Amino acid sequence: MIHFFSALGTDAIFDILKQSSDPTAIYTGEDLRIQFANDAMLKIWNKDESIRGKKLEEVLPELNGASYSDILRDTWHSGKAFEVRNIPITTDVNGKKITLYYDFKYKPVADKAGKIYCILHTASNVTERQQAWELLRNREAELNLANHDLSSLNHDLRSSNEELTTVNREYIEMNRKLDHANKEIYFLSDQLRKDNSDLLSGKTENESNISELTLHNKELNSQNDQLKHLNDTISLLNEKLTTSEMSFRDLITQSPVAMMLLKGEDYMVTMVNVAMLELLGKDVTIIGKPLFNEFPELRGQKAADMLEDTYKNGVRHSDDASPVMIKKDGQLEERFFNFSYTPYVENGVITGVIDMAIDVTSHAEAIIRLEENIREKAELENNLRESEQRLRSILETMAEGVGVIDASGQMVYANPMAQQILGLKETEIKTRTYDDPQWQNLRIDGTPLPSEEHPMSIMMKTQKPLTDHEIAVQPPNGDRIYISINAAPMFDQNGVLTGGIGTFMNVTERRLIAQSKDDFISIASHELRTPVTALKASLQMLQKRGMNLTEETKVRLIDQSVVSLNKLTILMNDLLDTSRLEQGHLKIDKKPFTLSELFEECCANFAQQTERKITFEGELHEKIVADNQQIGQVMVNLINNAIKYAPESDIFIKADLLDAKEMIISVSDNGPGIPKEKLSRLFERYYRTDYQGQKFSGLGLGLFICADIIKNHGGSIGVESEVGQGSTFWFTLPV
């Protein structure tokens, strides 16, 4: 099914893109003319909407002569997407010039035939990513400088501390164990990276965002590796600094990485460099004070637990982007750190912990925001899919037809019910306008419906809703149908008419019933008037000239009056029975009786009315439990129809057992038969057929009443007939 929203047209799509916060532009043609640019893109270019329709090189002359334009033209011809990253754009924010960084993507858009009709240009603000990269590069430079200084210091220490070799053997063994532990940590880290890779591979829809997360993770891993390397260096230095306290102090003081030495069970701040003081928001007065006295909020946090484990058990710990709640300038805030804890050993005894840390809060928060954006986008996409699915389900299951037209009147959507009512597939419907001559739209009276009188035309012209407007439609190969249309206009955000939506339902049955009622009133008036007129004439004749009439004439007039009265009685009974059936007041008085009794009563009714031979055969002595009067009424009606419509045929009535629980009774004749197309309507209310073009008297209620009586008895009724072969009406009853 074509998406409902695609029916709204190009202007609606442009309105959606215009409201997007992501910079977006659309170019067409080899000369790259700007057909669309939303406010976000115009802000990047520092342009206004007057640039629409102009060439890209005219709007941005700095592109002239550059390979950039050639690449875009190649994109137009080749159909290959083109992307540039980290493009600096200087703009004004609150009167200040700042530089923002963008990733630009140029994607050709082709039709189903593969022909490119535009290039979609989108931009993503990656300023935070660029700032994070610059921060990491600065940190990397600082770490490289620290490594260089440490290497020089290490060289000096190796030359001056050779006498510590024997003492340091124990520390070497301890470091061997620590190395083993580090290998396990690296293994776990590698497994986590693999798991992360698996997760990334499954997120194809957010490939760009995931790529950024991967890059962030690689950078964090690089930082972590650098910290581990630095920590290894410190551990090595720690082995050789037991008798060189002043050199170790210089190492901490001069390190560009935040470092401090905590000693004793109360974790006394013994040494701390400027970088660590800035990170903690403290000054040198914290030296000589217990760490948890200065930062009581650290107790119970993961970082504090690791610190205590390092001191008490000699376990080296490190963590990446670890969240820590810490007070800074009197305010408790969450910060993120890469840190490493290394045992500080003196004379073979752990006396403290060396703490190294890097504040990666801005980087971690950038990643968190990016992940939140990904989640929000995924949730939004999911909500849109669910909304679209709900809308699709509603449209596909509606009992009414739904059609959508654009501003030109072209059909752009038709739901399944619309296709069913109109007898056409959606692809056929969409090739037409609502007033296409192929529809053969008609007025209710059957005359052609002018285009300006069509409900959709009236709605489009007045731009106001229209309800329950009925028209007729004549399909090329079918019966005429009647539909009731509700129409409503559709506007864009600027109040411009973009099309309309129409809902319609098939009211053919309602129209035919109304027509049948009109016909019935006309027929009933005529049918009632005929016997009443004849009865009135006979009675008036007897009243005025009764004394002068012969006995023979009097008998004839009385007989005519009785016949007219009987016809009138039959008509009145049909009307009363129909009314009782509709209201459910036709009660059934079931009693057992034999079919022979039923047939004898029927013969008595027709003995004086016809000389036609009526034959009964079959299970005549079978007993049934039913309303004798109502079943007799059915039999009389079927026999009377056979007499009326097959005037030269004998009548055959047969009763047979279908099984132990059901009996079938049929009334057959050898008359002219009934055309196949009329059989399905014989039991409809008010329906009357004809015989060789001749209309017979009656209200068209007899067979309708028979069908309801048999249905109320739990049976079924039907007819079998072929033209020239006679007819057989049958019904079943339970026994």
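Residues numbered from 1 in each chain as written. Predicted model: local features only at pLDDT ≥ 70, side-chain atom pairs only at ≥ 80, totals over all residues. Heavy atoms only, no water.

Description of the overall build of the protein
Phase 1 of the analysis: Scanning the protein from N- to C-terminus turns up 21 helices and 25 strands.
Phase 2 of the analysis: By the burial criterion, 41% of the 735 residues in the protein qualify as buried.
Phase 3 of the analysis: Contacts in the protein between residues far apart in sequence, at least 24 positions, make up 55% of those at least 6 positions apart.
Phase 4 of the analysis: If you sum the accessible surface of the protein, you get close to 41,100 Å²; carbon and sulfur atoms cover 52% of it. (Helix = DSSP H or I, 4+ residues; strand = E, 2+ residues; numbered from the N terminus. Buried < 20%, exposed > 50% of the residue type's maximum accessible area, 1.4 Å probe, protein only. Contact = heavy atoms within 4.5 Å. Areas by Shrake-Rupley, 256 points an atom, 1.4 Å probe, with all protein chains shown as cover.)

Some details on the packing of helix α19 (residues 628-645) against helix α21 (residues 702-712)
How two helices pack is summed up by the angle between their axes together with the distance between the axes.
Phase 1 of the analysis: As a packed pair, α19 and α21 sit with axes 10 Å apart at the nearest point and diverge in direction by 145 degrees. When the axes of α19 and α21 are compared, the crossing they make is left-handed. Contacts between α19 and α21 involve Gln630, Ile631, Gln633, Val634, Asn637, Leu638 and Asn641 from the first element and Gly702, Leu703, Ile705, Cys706, Ile709 and Ile710 from the second.
Phase 2 of the analysis: Broken down by class, the residue content of the contact of α19 with α21 amounts to eight nonpolar, five polar and no charged. (Axes fitted to C-alpha atoms, helices over the stretch in contact; angles between N-to-C directions. Left-handed = near helix turned anticlockwise from the far one by under 90°. Nonpolar A, V, L, I, M, F, W, Y, C, P; charged D, E, K, R; others polar.)

As for the nonpolar core
Phase 1 of the analysis: Ranked by internal contacts, the top residues of the largest apolar core, which has 39 residues, are Met635, Ile639, Ile653, Ile665, Leu682 and Phe731.
Phase 2 of the analysis: Residues Ile286, Leu298, Tyr311 and Ile326 belong to the second largest nonpolar core, which totals 27 residues. (Core = buried A, V, L, I, M, F, W, Y, C linked by side-chain atoms within 4.5 Å.)

Side note on the sheet that holds strand β25 (residues 727-734)
Phase 1 of the analysis: Read from one edge of the open sheet, five strands run β18-β20-β21-β25-β24, paired in mixed fashion. The sheet is open, and its two borders are formed by β18 (614-618) and β24 (717-721), each paired with just one other strand. Within the sheet, the average angular offset between the axes of one strand and its neighbour, ignoring direction, is 20 degrees.
Phase 2 of the analysis: The pairing of strand β20 (residues 651-659) with strand β21 (residues 662-669) spans eight bridges and is antiparallel. Each bridged residue has a counterpart across the sheet, and for aspartate 656 the counterpart in β21 is isoleucine 664.
Phase 3 of the analysis: Lying over the sheet, α19 contacts β18, β20, β21 and β25, oriented at roughly 175 degrees with respect to β25.
Phase 4 of the analysis: Sheet strands in contact with α21 are β24 and β25, and its direction is about 25 degrees off that of β25. (Pairing = 2+ DSSP bridges.)

A few points about the pattern of salt bridges
Phase 1 of the analysis: Under the criterion given, the structure shown has 19 salt bridges.
Phase 2 of the analysis: Two residues, glutamate 453 and arginine 443, come together in a salt bridge whose shortest N-O distance is 3.0 Å. Here glutamate 453, found in the loop between β13 (441-442) and α15 (455-462), pairs with arginine 443, found in the loop between β13 and α15; they are ten residues apart in sequence, far enough to count as distant.
Phase 3 of the analysis: When the shortest N-O distance is used, the salt bridge between glutamate 470 and arginine 510 registers 2.9 Å. (Salt bridge = Lys/Arg side-chain N within 4 Å of Asp/Glu carboxyl O.)

Observations regarding the packing of aromatic side chains
Phase 1 of the analysis: Within this structure, the stated rule accounts for eight aromatic pairs.
Phase 2 of the analysis: On the numbers, 6.3 Å between centres and 25 degrees between planes, the contact of tyrosine 102 with phenylalanine 104 is stacked.
Phase 3 of the analysis: Judged by its relative accessible area of 8%, tyrosine 102 falls in the buried class. (Phe/Tyr/Trp six-rings, centres within 6.5 Å; stacked < 30°, edge-to-face > 60°.)

Quick look at the pairing of strand β7 (residues 268-272)
Phase 1 of the analysis: With four bridges connecting them, strand β6 (residues 258-263) and β7 associate as antiparallel partners. Note on β7: the bridge partner recorded for leucine 262 is valine 269.
Phase 2 of the analysis: Here β6 folds back onto β7, and the loop between the two strands holds four residues, one of which, glycine 264, carries a positive phi near 80 degrees.

Considering the pairing of strand β11 (residues 401-406)
Phase 1 of the analysis: Of all six residues in β11, five are buried, a share of seventy percent or more.
Phase 2 of the analysis: Sheet topology places β11 next to strand β16 (residues 497-506); six bridges connect them, and they run antiparallel. Each residue of the ladder has a partner; that of aspartate 406, found in β16, is glycine 499.
Phase 3 of the analysis: Where β11 meets strand β12 (residues 411-414), three bridges bridge the pair, whose relative direction is antiparallel. When the bridges of β12 are listed, glycine 403 appears paired with alanine 414.

As for a negative patch on the surface
Phase 1 of the analysis: Taken together, the side chains of Glu371, Glu372, Glu376 and Glu379 define an acidic patch exposed on the protein surface.
Phase 2 of the analysis: With respect to the helices and strands, the residue glutamate 379 is situated in helix α12 (residues 361-397). (Patch = residues over 30% accessible without salt bridge, like charges linked within 9 Å, V, L, I, M, F, W, Y side chains within 5 Å. Lys, Arg positive; Asp, Glu negative; His and termini not counted. Charge placed at Lys NZ, Arg CZ, Asp CG, Glu CD.)

Notes on the sheet that holds β7
Phase 1 of the analysis: Strand order in the open sheet made by the five strands is β7-β6-β10-β9-β8, with antiparallel pairing throughout. Of all strands in the sheet, those bounded by a partner on one side alone are β7 and β8 (317-328). Between one strand axis and the next, the sheet turns through 35 degrees on average, direction left out of account.
Phase 2 of the analysis: In this sheet, strand β10 (residues 349-359) lies alongside strand β9 (residues 331-346) in antiparallel orientation, the contact comprising ten bridges. Bridge assignment links threonine 342 to a residue of β10, and that residue is isoleucine 354.
Phase 3 of the analysis: Most of the contacts of helix α11 (residues 302-313) go to β9, to which it runs at about 5 degrees, and overall it touches β6, β8, β9 and β10.
Phase 4 of the analysis: Relative to β9, α12 is tilted by about 125 degrees, and along the sheet it contacts β9 and β10.

Details of α19
Phase 1 of the analysis: Given a rise of 1.5 Å per residue, 18 residues ought to cover 26 Å, and the 26 Å separating the end C-alpha atoms of α19 matches this to within 8%.
Phase 2 of the analysis: Within α19, burial applies to Gln630, Ile631, Gly632, Val634, Met635, Asn637, Leu638, Ile639, Asn641, Ala642 and Ile643.
Phase 3 of the analysis: Capping the start of α19, aspartate 627 holds a side-chain oxygen 3.1 Å from the backbone nitrogen of glutamine 630, two or three residues further along. (Expected span 1.5 Å × (residues − 1). Polar contact = N/O pair within 3.5 Å; in protein donor to acceptor, adjacent residues only side chain to side chain.)

Quick notes on α11
Phase 1 of the analysis: Taking 1.5 Å of rise per residue, the twelve residues of α11 would be expected to cover 16 Å, and the 16 Å separating its terminal C-alpha atoms lies within 8% of that figure.
Phase 2 of the analysis: Within the sequence span of α11, burial applies to Ala303, Ala304, Met306, Leu307, Thr310 and Tyr311. Down the axis, α11 shows its buried residues gathered within 160 degrees of arc, on one side only. Among the exposed residues of α11, those pointing more than 90 degrees away from its buried face are Lys312 and Asn313.
Phase 3 of the analysis: Each element contacted by the buried residues of α11 is listed here: β6, α10 (291-294), β8, β9 and β10.
Phase 4 of the analysis: Directly beyond the C-terminal end of α11, a positive phi value near 70 degrees is found at glycine 314. (Arc of directions from axis to C-beta.)

Some remarks on unusual backbone geometry
Phase 1 of the analysis: One non-glycine residue with positive phi stands out, namely tyrosine 267, at about 55 degrees.
Phase 2 of the analysis: In this structure tyrosine 267 comes out as buried when scored by relative accessible area, which is 3%.
Phase 3 of the analysis: Even without being a glycine, aspartate 468 presents a positive backbone phi close to 50 degrees.
Phase 4 of the analysis: Locating aspartate 468 in the fold gives a position in strand β14 (residues 466-473).

Looking at the confidence of the model for the protein
Phase 1 of the analysis: Across the protein, the average pLDDT comes to 77, with 73% of residues at or above 70.
Phase 2 of the analysis: pLDDT under 50 marks residues 159-168. Its contacts with residues more than four places away, or in other chains, come to seven contacts.
Phase 3 of the analysis: Contacts from residues 170-175, a stretch scored under 50 in pLDDT, to residues over four places away or in other chains number nine contacts. (pLDDT = per-residue confidence, 0-100.)

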